[in-house]
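Letter by letter, the chains look like this.
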Amino acid sequence: MSDDFPPRAQELIEAGRFIDRRGWVPATSGNFSARLADGRIAITVSGRHKGRLVADDIMLVDADGNSLDDRRPSAETRLHTALYRRYPGTGCVLHPHSPGATLVSRLWPDELILENYELLKALGDIRTHATRVRIPIFPNDQDIDRLAARVDDWLDQHGDTHGYIIASHGFYTWGATVAAALRQVEALEFLFDIESRLHGVKTP
């Protein structure tokens, strides 16, 4: 086992508590992962409440998402591994089922544009509010490999983004560290909430 497995697992546990306190992972929804130095991935065990995670709720999978013990990882593990393959610098992927992302996906059919917000500077290496970020919205799909391929196709065609939404489901974001990904979760959910309120104000 990698020496960095215990600290990465603890970071995921703490991230789960933070996200749960804000109501962004109700019931047993959501899944979190962190890549270890040896390429294996620490990920939440399927069906565990993310606000009550303990060490035994974090397991290891290989780079293809195959379990390395007798436990079952999240059903959406291959969405995580697809992001790690695409972005070698990614160290963490977080997937909450937040109200803001869910509502946005009911109001916009295929993408949300975020622009001219100061908080955009919390995303990646953005340095100015005068920025335009496209957040794609994909239809929910129980075929995870097909969904992962759809996300990859969008990224191939449109370039990098800082997250994506699965309609009536939740959103994915990622970062170099657990802390960086968690910062993006918080910033994106704030922006999703503001955009959905603004849309409601403008709708007759």
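Residues numbered from 1 in each chain as written. Predicted model: local features only at pLDDT ≥ 70, side-chain atom pairs only at ≥ 80, totals over all residues. Heavy atoms only, no water.

A. Expanded view of helix H1 (residues 5-21). For H1, built from 17 residues, the straight-helix expectation of 24 Å at 1.5 Å per residue is met to within 8% by its first-to-last C-alpha distance of 24 Å. Among all positions in H1, only Phe5, Ala9, Leu12, Ile13, Ala15, Gly16, Phe18 and Ile19 are buried. Positive phi appears at Gly23, one or two residues downstream of H1, with a value of about 75°. (Helix = DSSP H or I, 4+ residues; strand = E, 2+ residues; numbered from the N terminus. Expected span 1.5 Å × (residues − 1). Buried < 20%, exposed > 50% of the residue type's maximum accessible area, 1.4 Å probe, protein only.)

B. Broad picture of the nonpolar core. One finds Leu12, Ile19, Leu94, Leu114 and Phe192 to be the most contacted residues of the largest nonpolar core, which totals 42 residues. Looking at this core, the elements with two or more residues in it are H1, strand E1 (31-35), strand E3 (58-61), strand E4 (92-95), helix H3 (99-107), strand E5 (111-115), strand E6 (132-138) and helix H5 (178-202). If you tally residues by element for this core, the top one is H5, at 8 residues. In contact with Ile19, not counting residues within four places along its chain, are Trp24, Val25, Phe32, Leu94, Pro96, Leu182 and Val185. Formed by 22 residues, the second largest nonpolar core is a distinct cluster that contains Met59, Leu83, Tyr84 and Ile144. (Core = buried A, V, L, I, M, F, W, Y, C linked by side-chain atoms within 4.5 Å. Contact = heavy atoms within 4.5 Å.)

Function cannot be inferred from these measures alone, as they are strictly geometric.
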